[in-house]
Amino acid sequence: MEIKKYYMTTEGNVRKDILDAALSAGKTGAHIAPSLSMVEIILTVLRKKREADRVILSKGHGAAGLYAAMHQLGMLSDEQFASFEQDGGDFPGQPGRSSTNGIDFSSGSLGMGLSYGAGLSYACRSRRSFVLLGDGELNEGSVWEAAALIARHNLVNVIAVVDQNGLQSDGKTEDVLGMDLEAVWRSFGWQVMTCDGHSQAELEACMEMAVNGGCARPAVILAETVKGKGVSFMEHNNEWHHHVLSRKEYDAAVRELEVRYGLC
């Protein structure tokens, strides 16, 4: 099966793919807004990944964003991507690892990914584990157990990235269980970097620091993002955390992407 190569893909192409996947899901619906917020993050991570490395989408509800980025980077065929949320398929609404789909970690229950990355990187110090978490997910105590263990063993081959969009399924993260994330991560012994999570240049600079010896401690990147990024009526709107996308909404969203990102 021939897989297309989109080495010059843009954020807009990936966001269009997310909308395509959500429309094809029909009445099942999809986690559209949390997928849109992580686009630049997952593109940067996938481009940085070596063959031995692992990419762990701990915020598994962003699966459509992961699949769309993989598709645009030539890691999934058109046929594979079109099977999103199909019964018996390899690409469900939450990632499921198989021998054929290129997914490194089955996720869905929040708070598990950092522990998995810790185990992988402890077992093989030459393997890097890129773990993408949501800021709402940091409410899970298991995240901080893993953070403490990683710092204790100085597993600098674990790189955590937090999609800090300020919203979770129950509302604003600051209202649900607000915390000073920079201070908390530092208190656990991590090196903290912050950046614009929609700037691939800033993300790349932080990632370079984390993976090429610039950090003496495990590194976490707090990437400030906008939930629903790219579509005005989805941005900062938690109704789109999980939503059934109508054709009318799809057409309006695609028109916005065409203007904003110059798609044709």
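Quick notes on the rules
- Residues numbered from 1 in each chain as written.
- Predicted model: local features only at pLDDT ≥ 70, side-chain atom pairs only at ≥ 80, totals over all residues.
- Heavy atoms only, no water.
- Phe/Tyr/Trp six-rings, centres within 6.5 Å; stacked < 30°, edge-to-face > 60°.
- Helix = DSSP H or I, 4+ residues; strand = E, 2+ residues; numbered from the N terminus.
- Buried < 20%, exposed > 50% of the residue type's maximum accessible area, 1.4 Å probe, protein only.
- Core = buried A, V, L, I, M, F, W, Y, C linked by side-chain atoms within 4.5 Å.
- Contact = heavy atoms within 4.5 Å.
- Pairing = 2+ DSSP bridges.
- Right-handed = clockwise from strand over helix to strand, strands pointing away.
- Patch = residues over 30% accessible without salt bridge, like charges linked within 9 Å, V, L, I, M, F, W, Y side chains within 5 Å.
- Areas by Shrake-Rupley, 256 points an atom, 1.4 Å probe, with all protein chains shown as cover.
- Salt bridge = Lys/Arg side-chain N within 4 Å of Asp/Glu carboxyl O.
- Axes fitted to C-alpha atoms, helices over the stretch in contact; angles between N-to-C directions.
- pLDDT = per-residue confidence, 0-100.
- Polar contact = N/O pair within 3.5 Å; in protein donor to acceptor, adjacent residues only side chain to side chain.

Asks: Help me understand the packing of aromatic side chains in this model?
Replies: Given two aromatic rings, one states the distance between the centres and the angle between the planes to describe the pair. Going through the model one piece at a time under the given rule, you end up with seven aromatic pairs. Seen from their ring centres, Trp 144 and Phe 188 are 5.2 Å apart, and the 35° between their planes marks the pair as tilted. Taken together, the residues span a long stretch of sequence, with Trp 144 in helix H7 (residues 141–152) and Phe 188 in the loop between helix H9 (181–187) and strand S6 (191–196) at a distance of 44 residues. Look at Phe 188 and you get partly exposed, because its relative accessible area is 27%.

Asks: Looking at this structure, how should I read the nonpolar core?
Replies: One broad trend across soluble globular proteins is that nonpolar side chains are buried collectively. Counting 56 residues, the largest nonpolar core has Leu 19, Ile 32, Tyr 67 and Met 234 as its most contacted members. For Met 234, the contacting residues outside a window of four places in its chain are Leu 19, Ile 32, Leu 36, Lys 227, Gly 228, Trp 240, Leu 245 and Ala 253.

Asks: Hey, could you run me through the pairing of strand S7 (residues 219–224) in this one?
Replies: Put simply, side chains in a regular strand alternate between the two faces of the sheet. Buried residues dominate S7, accounting for five of its six residues. Note that strand S3 (residues 158–164) and S7 share six bridges and pair parallel. Directly across from Val 162, in S7, lies its bridge partner Leu 222. For S6 and S7, the ladder comprises six bridges, and the chain directions are parallel. Among the inter-strand pairings, Met 193 is bridged to a residue of S7, identified as Ile 221. Taking the sense of rotation as the criterion, the β-α-β connection linking S6, helix H10 (residues 200–211) and S7 turns out right-handed.

Asks: Is there a simple way to think about a nonpolar patch on the surface in this case?
Replies: Together, Val 176, Leu 177 and Met 179 give the surface a local cluster of nonpolar side chains, amounting to about 220 Å² of exposed area. Along the chain, Leu 177 turns up in helix H8 (residues 173–177). Of the residues examined, Leu 177 reaches a relative accessible area of 45% and is grouped as partly exposed.

Asks: Just to check I follow, could you spell out the sheet that holds S3 for this structure?
Replies: Within a sheet, neighbouring strands are paired by backbone hydrogen bonds and run either parallel or antiparallel to one another. As summarised here, the arrangement of the five strands in space is S1-S2-S3-S7-S6, forming an open sheet in which the pairing is parallel. A single partner strand is all that each edge strand has here, and the edge strands are strand S1 (54–57) and S6. Mean inter-strand twist for the sheet, computed between neighbouring axes without regard to direction, equals 20°. On the sheet, helix H6 (residues 113–123) packs against S1, strand S2 (129–134) and S3 and is oriented at approximately 170° with respect to S2.

Asks: What exactly am I supposed to notice about the pattern of salt bridges here?
Replies: When charged atoms on two side chains of opposite charge get close, those side chains can pair. Summed over all chains, the structure comprises ten salt bridges. A salt bridge links Lys 59 to Asp 163; its shortest N-O distance comes to 2.8 Å. Of this pair, Lys 59 sits in the loop between S1 and helix H4 (63–72) while Asp 163 sits in strand S3; the two residues are 104 residues apart in sequence, bridging distant segments of the chain. Considered together, Lys 59 and Asp 163 belong to a single accessibility category, that of buried residues. Between Arg 260 and Glu 235 there is a salt bridge, and its shortest N-O distance comes to 3.0 Å.

Asks: Quick question: what am I supposed to make of the confidence of the model for the protein chain here?
Replies: Detail in the predicted coordinates should be disregarded across regions flagged by low pLDDT. For the protein chain, the mean per-residue pLDDT works out to 94, and 96% of the residues sit at or above 70. When the criterion is pLDDT under 50, residues 1–8 qualifies, and its contacts beyond four places in sequence or with other chains add up to 16 contacts.

Asks: Explain unusual backbone geometry to me, please; I cannot follow it from the model alone.
Replies: Peptide bonds are trans in most cases, and residues, glycine excluded, mostly fall at negative phi. Backbone geometry places Glu 85, a non-glycine residue, at a positive phi of 60°. Within the fold, Glu 85 resides in the loop between helix H5 (78–82) and H6. Look at His 236: it is not a glycine, yet its phi comes out positive at around 60°. Along the chain, His 236 falls in the loop between S7 and helix H11 (247–261).

Asks: Help me understand the side chain of Ser 35, please; the structure alone is not making it clear to me.
Replies: Position of Ser 35 relative to the elements: it lies in helix H2 (residues 32–36). On the basis of relative accessible area, Ser 35 is assigned to the buried category, the value being 0%. Residues within four places of Ser 35 in sequence aside, it is in contact with Ile 18, His 61, Gly 62, Ala 63, Ala 64 and Gly 65.

Asks: Looking at this structure, I do not really get the environment of Arg 47. What am I missing?
Replies: Turning to its location among the elements, Arg 47 is positioned in helix H3 (residues 39–48). Taking the C-alpha atoms as reference, Arg 47 lies 9.9 Å from Met 70; in sequence the two are 23 residues apart. Here Gln 200 takes part through its side chain, which lies 2.6 Å from a polar atom of the side chain of Arg 47.

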